[in-house]
Amino acid sequence: MRLIIAGGGTGGHLFPGIAVADEFLARSPENEVLFVGTERGIEARLLPKLGYKLALISASGMKGMGTVKKIMSAGRLLYGYSQSRKILKEFRPDFVLGVGGYASAPIVLAARGMGIRRFIHEQNALPGLTNKVLGRFVDGVFISMPESESFFPKESTQMTGNPIRKEILWGFQERVRSVGDTFSILVFGGSAGAQRVNSALLEALPHLAGVKGKLRITHQTGEKDAARVRAGYQAQGVQAQVLSFIDDMSAAYGAADLVICRAGATTIAEITACGKGCIFIPFPYAADDHQRRNAESLVHKNAGVMILEEDLTGERLAEKILELMEHPALLADMEKNARALAQLDAAQAIVAAMVTGSRD
Ligand SMILES: CC(=O)N[C@H]1[C@@H](OP(=O)(O)OP(=O)(O)OC[C@H]2O[C@@H](n3ccc(=O)[nH]c3=O)[C@H](O)[C@@H]2O)O[C@H](CO)[C@@H](O)[C@@H]1O
């Protein structure tokens, strides 16, 4: 069988797609997967390294744009639609899965026009514009959080969870925690890094001076901020491994006693799968403030704590870190509650539903 996985742009859309692709290929040596995305998305950088084929189409978003840009964007989507028809004719997939991001729209709609079975997966508590529209034109909608159910047709929507890459699932079983008197913190700001989170950490360091010898920090900054953040740690004499992107998230989660991060949906799914205590700092400008909703789904179950950006100061962040460092029982509770929310079989459920054509 052949499957097209369309969409991406950011890691939060792409990585669940990769988890589904791995599961689909594991089912039969005859199965084939083709990804479809844009040259600007993270897919163009990552998929070739992983050995996946990627076809590029033209697409861009429209939300929040002026009239001229909207017209240009509509033109790109139309062109993307005709490119998608060509890809579908050549690859002849049995089904198409849109994983969100604007690149999924042209191909899912072209699949509809050609009578090819098509599905979408929504990672967030509040769906993005692309998926809200596509939900009406697909055979099945897979959701990750119950909060998004009401945005899609009831009869074709299935709660599966958010697929997690196998290396992260396996890493969870092999995780290594800090030994002795050290405390490991993993800081990352979603797939692109987050300048505001980076600054907050640097601002927190003076308030953590009393424990700085115990801290082992791994900090992902995003491409543009690595040098500044590295210099910030050095200036304050705090040991930290500063990276622009972390390729091996499994090891990074495994080693962490505490995670400090944004609240992208795929991050949230991984935190639950790995059972990590977490301080979430939602990105306040994500569409419809969906990161806050994502974080709340854990915070309301005492499976994480949240600091909103409007309340974020170095001092506040340091206070939370110290509280969790000094009260391991609080952290252990959070870990247990996070793990209870994990849905570890999302990739299997999605592939099973697509292959059998039935909701299971
Ligand atoms: C600003 C914005 O709108 N971001 C959205 C985007 O976030 P973003 O792309 O940041 O996605 P998530 O936070 O959900 O996931 C990040 C993914 O990147 C991986 N990772 C991250 C850092 C790193 O160095 N290495 C690495 O591999 C993580 O393990 C995870 O798999 O898509 C998510 C899923 O639709 C949304 O919930 C987010 O709101």
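Scoring rules and cut-offs
- Residues numbered from 1 in each chain as written.
- Predicted model: local features only at pLDDT ≥ 70, side-chain atom pairs only at ≥ 80, totals over all residues.
- Heavy atoms only, no water.
- UniProt positions renumbered as here; feature names shortened; annotations may be inferred.
- Near = heavy atom within 4 Å.
- Polar contact = N/O pair within 3.5 Å; in protein donor to acceptor, adjacent residues only side chain to side chain.
- Areas by Shrake-Rupley, 256 points an atom, 1.4 Å probe, with all protein chains shown as cover.
- Helix = DSSP H or I, 4+ residues; strand = E, 2+ residues; numbered from the N terminus.
- Nonpolar A, V, L, I, M, F, W, Y, C, P; charged D, E, K, R; others polar.
- Domains from an automatic or database assignment.
- Core = buried A, V, L, I, M, F, W, Y, C linked by side-chain atoms within 4.5 Å.
- Buried < 20%, exposed > 50% of the residue type's maximum accessible area, 1.4 Å probe, protein only.
- Phe/Tyr/Trp six-rings, centres within 6.5 Å; stacked < 30°, edge-to-face > 60°.
- Lys NZ or Arg CZ within 6 Å of the ring centre and 35° of its normal.

Turning to the protein chain, the UniProt annotation filed under Catalytic activity (unreviewed entry) states: "di-trans,octa-cis-undecaprenyl diphospho-N-acetyl-alpha-D-muramoyl-L-alanyl-D-glutamyl-meso-2,6-diaminopimeloyl-D-alanyl-D-alanine + UDP-N-acetyl-alpha-D-glucosamine = di-trans,octa-cis-undecaprenyl diphospho-[N-acetyl-alpha-D-glucosaminyl-(1->4)]-N-acetyl-alpha-D-muramoyl-L-alanyl-D-glutamyl-meso-2,6-diaminopimeloyl-D-alanyl-D-alanine + UDP + H(+)". UniProt, in the comment section headed Sequence similarities (unreviewed entry), describes the protein chain in these words: "Belongs to the glycosyltransferase 28 family. MurG subfamily."

Undergrad: Give a detailed account of the site of the ligand, specifying residues and quantitative values.
TA: Residues in contact with the ligand amount to 25 residues; listed here are only the nearest, Asn 124, Ser 191, Thr 267, Glu 270 and His 290. One nitrogen or oxygen atom from the side chain of Thr 10 is found 3.0 Å from an oxygen atom belonging to the ligand. Between Gly 12 and the ligand, the recorded distance is 2.8 Å, taken from a backbone N or O atom to an oxygen atom. For the ligand, whose accessible area on its own is 760 Å², the fraction buried by protein is 90%. Looking at the shell around the ligand, the elements that each hand over two or more residues are α1 (11-27), α10 (265-274) and α11 (290-299). Within the shell around the ligand, the residues separate by chemical class into eight nonpolar, 15 polar and two charged. Looking at which domains feed residues into the shell around the ligand, each of domain 1 (2-164 + 344-356) and domain 2 (168-340) supplies at least three.

Undergrad: Which residues make up the nonpolar core, and what are the values?
TA: Counting 33 residues, the largest nonpolar core has Leu 208, Tyr 233, Ile 260, Ile 279, Leu 317 and Ile 321 as its most contacted members. It is helix α12 (residues 314-326) that contributes the most residues to this core, six residues altogether. Counting residues in hydrophobic clusters, the runner-up holds 27 residues, among them Ala 265, Ala 269, Ile 271 and Phe 280.

Undergrad: Please set out the packing of aromatic side chains residue by residue, giving values where relevant.
TA: Throughout the structure, instances matching the rule amount to six aromatic pairs. Where Phe 95 meets Phe 119, the ring centres are 6.5 Å apart and the plane angle is 75°; that geometry is what we call edge-to-face. Of this pair, Phe 95 sits in strand β4 (residues 95-98) while Phe 119 is found in strand β5 (residues 117-122), placing the two residues 24 residues apart along the sequence. Look at Phe 119 and you get buried, because its relative accessible area is 3%. For the ring pair Phe 188 and Tyr 253, a centre distance of 6.0 Å and an interplane angle of 80° mean the geometry is edge-to-face. Pair noted here: Phe 188 is in strand β8 (residues 183-188) and Tyr 253 is in helix α9 (residues 249-255), with a separation of 65 residues, a long-range link. Each of the two residues, Phe 188 as well as Tyr 253, counts as buried. Joined through ring pairs, the aromatic side chains of Phe 24, Phe 95, Phe 119 and Phe 142 make up one cluster. Over the ring of Phe 245 we find Arg 45; its NZ or CZ atom is 5.2 Å from the centre of that ring. Here Arg 165 stacks its cationic end above the ring of Phe 15, 3.6 Å away from the centre of that ring.

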